[in-house]
Amino acid sequence: MAFEVSAEAYRKFMGRFSERLAVQFATFAGVSPGMRALDVGCGPGALTAELVRRLGAESVDAADPSEPFVAAMKESFPGVGVQLASAEELPFADAEYDVVLAQLVVQFIPNPASGLREMARVTRPGGVVAACVWDAAGGTGPLATFYEAAHEVVPDAVDESDRPGTGEGQLAELALQAGLHDIVSDRLVVVLRFETFADWWDPFTLGVGPPGDIVARLGAADVKRLRDRCERLLPPAPFEVSGCAWAVRARA
């Protein structure tokens, strides 16, 4: 999976959506002053920034398995405790946090129920474990247009619709498997405006995530076919793209 990329590449690709999602997700999780929070799979810090805004850097820790992201995080958030770690092996003590969050991460964890269980371990009894994932299975995530075009140009292209948590009710089922309780689900929606088609397309060429993998293995002619098909599927610029995410919060 192509996440060993620069933080700037990720920001241009998904950060534009995840920064807006972070505001809604933190509210959904009930993040409020006085809490101590952990951002699991923090990436370059879209959610971390929102947690710091609400709680202060001294009350926020973060973890990610990507070395470039961790390096960027330490530079961007010097007051936050950032660790190189996967969701399934968090280097934090039991019951250390009031709220532990994973934004756009669960679908990439090899054993997502195990990852949520590990998140619960570091959450105090009665504290909140929360996760959100784009609605790839329902086709309303922000990458839906790209994948529609990709399947036409590359029939065997692998999208994210089969990944865990990307369909309605799946995150709640994973939370149940992880032993969490008082499970609440919701659907979060963000909208982003693009002034030109290039603003939308260019980040797909930066090698980030599953779309980056698809573009990287195409020859120049097929990349052009994919780009042209995407442009035909989208409205004339300027246009807006919405992204829907499933979210779940539960008690440890």
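Structure: above.
Residues numbered from 1 in each chain as written. Predicted model: local features only at pLDDT ≥ 70, side-chain atom pairs only at ≥ 80, totals over all residues. Heavy atoms only, no water.

**Structural notes on the overall build of the protein chain**
To keep it simple, the criterion reads: Starting at the N terminus, helices and strands are each numbered in turn, a helix being any DSSP run of H or I of at least four residues and a strand any DSSP run of E of at least two. Radius of gyration here uses only the C-alpha atoms, and the compact-globule reference equals 2.2 Å multiplied by the residue count raised to the power 0.38. Throughout this description, buried means an accessible area under 20% of the type-specific maximum (1.4 Å probe, protein chains only), exposed means over 50%, and partly exposed covers the range between. Any two residues whose heavy atoms approach within 4.5 Å at even a single point are treated as in contact.
Helices and strands together make up the secondary structure of the protein chain, namely 9 helices and 7 strands. For 252 residues, the compact-globule formula gives about 18 Å, and the C-alpha radius of gyration of the protein chain, at 18 Å, lands near that figure. The dimensions of the protein chain, computed from C-alpha atoms along their principal axes, are 55 × 35 × 30 Å. Per-residue burial over the protein chain gives 53% buried out of 252 residues. Taking contacts inside the protein chain between residues at least 6 apart in sequence as the whole, the part at least 24 apart equals 78%.

**Regarding the side chain of Ser59**
Position of Ser59 relative to the elements: it lies in the loop between helix 2 (46-55) and strand 2 (60-64). Judged by relative accessible area, Ser59 falls into the buried class, the value being 16%. Apart from residues no more than four positions distant in its own chain, Ser59 is found in contact with Met35, Arg36 and Ala37.

**Things to note about the pairing of strand 5 (residues 123-134)**
Where a strand is regular, its side chains alternate between the two sheet faces. We apply this condition: Should DSSP find at least two bridges between two strands, the strands are taken to pair. Handedness of a crossover is defined as follows: with both strands directed away from the viewer, a clockwise route from the first strand across the helix to the second makes it right-handed.
Counting buried positions over the 12 residues of strand 5 gives 9, a clear majority of the element. Of the pairings in the sheet, the one linking strand 4 (residues 97-103) to strand 5 comprises 6 bridges and is parallel in character. Residue pairing in the sheet places Val99 in a bridge with Val128 of strand 5. After leaving strand 4, the chain enters helix 4 (residues 112-121) and then returns to the sheet as strand 5, a path that is right-handed. Relative to strand 7 (residues 239-251), strand 5 runs antiparallel, the two being bridged by 7 bridges.

**Remarks on the sheet that holds strand 4**
Here is the rule we go by: Here, axes are lines fitted to C-alpha atoms. For helices the fit covers the stretch in contact, and angles between N-to-C directions go from 0 to 180 degrees.
Strand order in the open sheet formed by 7 strands is 3-2-1-4-5-7-6, and the pairing between neighbours is mixed. With partners counted over all chains shown, the strands left at the sheet margins are strand 3 (81-84) and strand 6 (181-194), one partner each. Across the sheet, the axes of successive neighbouring strands diverge by a mean angle of 20°, strand direction being ignored. Note: strand 1 (residues 37-40) against strand 2, 4 bridges, orientation parallel. Bridging from a neighbouring strand, Leu38 pairs with Asp61 of strand 2. Contacts between helix 6 (residues 170-177) and the sheet are confined to strand 5, strand 6 and strand 7, with strand 7 contributing the most and set at about 25° to the helix.

**Some thoughts on the nonpolar core**
The line we're drawing: Here the nonpolar core consists of buried residues drawn from Ala, Val, Leu, Ile, Met, Phe, Trp, Tyr and Cys, with membership extended through side-chain atoms lying within 4.5 Å.
Of all hydrophobic cores here, the largest spans 62 residues; its most connected members are Leu101, Phe146, Trp200 and Leu226. No other element matches helix 1 (residues 7-29), which puts 12 residues into this core. For Leu226, the contacting residues outside a window of four places in its chain are Phe146, Ala149, Ala150, Val153, Trp201, Val215 and Leu218. Formed by 29 residues, the second largest nonpolar core is a distinct cluster that contains Val106, Met119, Leu171 and Ala175.

**Let's talk about the packing of helix 5 (residues 144-153) against helix 9 (residues 220-233)**
Cut-off, in case you're wondering: For classification purposes, angles smaller than 35 degrees are called roughly parallel, those larger than 145 roughly antiparallel, those between 65 and 115 roughly perpendicular, and all remaining angles oblique. A clockwise turn of the near helix away from the far one marks a right-handed crossing, whereas an anticlockwise turn of less than a right angle marks a left-handed crossing. Residue polarity is assigned by list, with Asp, Glu, Lys and Arg as charged and Ala, Val, Leu, Ile, Met, Phe, Trp, Tyr, Cys and Pro as nonpolar; anything else, Gly included, falls into the polar class.
It is the contact of helix 5 with helix 9, at a shortest axis distance of 9 Å, that shows an interaxial angle of 135°. Judged on the interaxial angle alone, helix 9 and helix 5 are oblique. Where helix 5 crosses over helix 9, the handedness of that crossing is right-handed. For the pair formed by helix 5 and helix 9, the contact residues are Thr145, Phe146, Glu148, Ala149, Ala150, Glu152 and Val153 on the first element and Asp222, Arg225, Leu226, Arg229, Cys230 and Leu233 on the second. Per-class residue counts for the contact of helix 5 with helix 9 are 7 nonpolar, 1 polar and 5 charged.

**Some points on helix 3 (residues 67-76)**
Worth spelling out the cut-off: Working definition: the arc comes from the directions between the helix axis and the C-beta atoms, pointing outward to the latter.
Buried within helix 3 are the following residues: Phe69, Val70, Ala72 and Met73. Mapping the buried residues of helix 3 onto a view down its axis gives an arc of 165°, with all of them on the same face. Opposite its buried face, helix 3 presents the exposed residues Glu67, Lys74 and Glu75, each directed more than 90 degrees away. For helix 3, the secondary structure elements touched by its buried residues are helix 1, helix 2, strand 2 and strand 3.

**Quick notes on the pattern of salt bridges**
Operational definition: By definition, a salt bridge exists where a carboxyl oxygen of Asp or Glu is found within 4 Å of a side-chain nitrogen of Lys or Arg.
Considering all chains together, one arrives at 14 salt bridges under this definition. Arg229 serves as the salt-bridge partner of Glu152, at 2.6 Å between the closest nitrogen and oxygen. Taken together, the residues Glu152 in helix 5 and Arg229 in helix 9 connect sequence positions 77 residues apart. Relative accessible area serves as the criterion here: at 40%, Glu152 is assigned to the partly exposed category. Residue Glu195 pairs with Arg193 through a salt bridge whose shortest N-O separation is 2.7 Å. Put simply, Arg36, Asp61 and Glu96 are held in one network by salt bridges that share partners.

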